[in-house]
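Single-letter residue listing:
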Amino acid sequence: MSGQYLAYDYPLLSVFWSMLWFFLWIMWFILLFRVIVDIFRDDDMSGWAKTGWLLFCICLPFLGVLVYVIARGKGMGRREVAQAREQQRQFDSYIRETAKSGGGTSSADELAKLSEIRARGDISDEEFRRAKELVLSGHGSSQSTGAATSTSGH
């Protein structure tokens, strides 16, 4: 019969305190790992300094993390912001490069357009040959073929 009353032996306040301690325990590990990552990320520290901080944080974790955050917390925030900016810059650069290479037309597309224009009789064989050389040399673009088309129409 005492098993039936087991659920009532853990009051609501105890549940709250248990959840609070669990949350603090998770927060502690997050802070510990962020400090360890920051130790390795800091390029200004020598290898011996990194080893010392790491041993301090592993052997005396509460005191080590507390002292590290007090002594190097401002730099920790700056390094975090610098890394986020660098990641954003790399992402923006990747997007620009992808947009450049994906948005343009290939030389095969340019040659196909030139062939169609010549087949319609809009450009002469000589103009086709010059435009083809430009495209194959990498200097041709859709603007140059458009210019060749508009000049031959007059």
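The structure reproduced in this document is the subject of the present report. (Residues numbered from 1 in each chain as written. Predicted model: local features only at pLDDT ≥ 70, side-chain atom pairs only at ≥ 80, totals over all residues. Heavy atoms only, no water.)

## Let's talk about helix 5 (residues 125-137)
Spanning 13 residues, helix 5 covers 18 Å between terminal C-alpha atoms, matching the ideal 18 Å at 1.5 Å per step. Along helix 5, the residues classified as buried are Phe128, Ala131 and Val135. Down the axis of helix 5, the smallest arc covering the buried residues is 70°, so these residues share one side. Buried residues along helix 5 sit against helix 4 (107-120). In the segment just after helix 5, glycine 138 is the residue with positive phi, at about 95°. (Helix = DSSP H or I, 4+ residues; strand = E, 2+ residues; numbered from the N terminus. Expected span 1.5 Å × (residues − 1). Buried < 20%, exposed > 50% of the residue type's maximum accessible area, 1.4 Å probe, protein only. Arc of directions from axis to C-beta. Contact = heavy atoms within 4.5 Å.)

## Some remarks on the state of the cysteines
In the structure shown here, the tally under the stated rule is 0 disulfides. With no disulfide of its own, cysteine 57 lies 9.8 Å from the sulfur of cysteine 59, the closest cysteine sulfur. Given a relative accessible area of 57%, cysteine 59 falls into the exposed group. (Disulfide = S-S within 2.5 Å.)

## Section: the packing of helix 1 (residues 12-41) against helix 2 (residues 47-59)
For any two helices packed against each other, one specifies the inter-axial angle together with the distance between the axes. Interhelical geometry of helix 1 versus helix 2 gives an angle of 170° and a closest axis separation of 9 Å. By the angle class used here, helix 1 and helix 2 are roughly antiparallel. Touching Leu32, Val35, Ile36, Ile39 and Phe40 of helix 1 are Lys50, Trp53, Leu54 and Cys57, all from helix 2. Of the residues belonging to the contact of helix 1 with helix 2, the class tally is 8 nonpolar, no polar and 1 charged. (Axes fitted to C-alpha atoms, helices over the stretch in contact; angles between N-to-C directions. Parallel < 35°, antiparallel > 145°, perpendicular 65-115°, else oblique. Nonpolar A, V, L, I, M, F, W, Y, C, P; charged D, E, K, R; others polar.)

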